[in-house]
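So you can see what is in the structure, the chains are spelled out below.
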Amino acid sequence: MLVALDTNAFHSDVYGTQPRLSGIVDGPLNQAAFEVFVPEVVMLELDKQFAQRSKKVVREIQQGRRRAQGRARGAGHGLFRRE
């Protein structure tokens, strides 16, 4: 049996450890021989999503750092140096 996975199978579960994906492998497919196939277009989409999410996290970290710097300066602390 050939099992083809699309992007939705990995949505918020990139490692496939959540019940939705692992349940397929541990459930009915556990009783039969199967091959998992992830189309190239799915891999490209996952790569794109990872890049987008990573950029978002970096922006949020930078915003948090700027807020912390502003609070520290406002409180008279020299904890952060200006870059």
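What counts and what doesn't
Residues numbered from 1 in each chain as written. Predicted model: local features only at pLDDT ≥ 70, side-chain atom pairs only at ≥ 80, totals over all residues. Heavy atoms only, no water. Helix = DSSP H or I, 4+ residues; strand = E, 2+ residues; numbered from the N terminus. Buried < 20%, exposed > 50% of the residue type's maximum accessible area, 1.4 Å probe, protein only. Polar contact = N/O pair within 3.5 Å; in protein donor to acceptor, adjacent residues only side chain to side chain. pLDDT = per-residue confidence, 0-100. Patch = residues over 30% accessible without salt bridge, like charges linked within 9 Å, V, L, I, M, F, W, Y side chains within 5 Å. Areas by Shrake-Rupley, 256 points an atom, 1.4 Å probe, with all protein chains shown as cover. Salt bridge = Lys/Arg side-chain N within 4 Å of Asp/Glu carboxyl O.

1. Details of the overall build of the protein
In terms of regular secondary structure, the protein is built from 2 helices and 2 strands. Across the 83 residues that make up the protein, the buried fraction comes to 18%.

2. Examining the environment of Gln49
Within the secondary structure, Gln49 is located in helix H2 (residues 40-74). A relative accessible area of 17% places Gln49 in the buried class. In this structure, the C-alpha to C-alpha distance between Gln49 and Thr7, residues 42 residues apart in sequence, is 9.9 Å.

3. Some details on the environment of Asp6
Note on placement: Asp6 falls in the loop between strand E1 (2-4) and helix H1 (19-26). Residues Asp6 and Pro39, 33 residues apart in the sequence, show an inter-C-alpha distance of 7.4 Å. At a separation of 3.1 Å, a polar atom in the side chain of Asp6 contacts the main-chain amide nitrogen of Asn8.

4. A short note on the confidence of the model for the protein
Across the protein, pLDDT averages 80, with 81% of residues at or above 70. Of all helices and strands in the protein, the one with the weakest mean pLDDT is H1 (70), whereas H2 scores best (90).

5. Comments concerning a nonpolar patch on the surface
A cluster of nonpolar side chains, Met1, Phe34 and Val36, forms an exposed patch at the surface whose accessible area comes to about 290 Å². With respect to the helices, strands and loops of the structure, Phe34 is situated in the loop between H1 and strand E2 (35-37).

6. Side note on the pattern of salt bridges
Enumeration according to the criterion identifies 1 salt bridge in this entry. The salt bridge partner of Lys56 is Glu60, with a shortest N-O separation of 4.0 Å. Within this pair, Lys56 and its partner Glu60 are both found in helix H2, separated by 4 residues, close to a single helical turn. The exposure class of Lys56 is partly exposed, given its relative accessible area of 45%.

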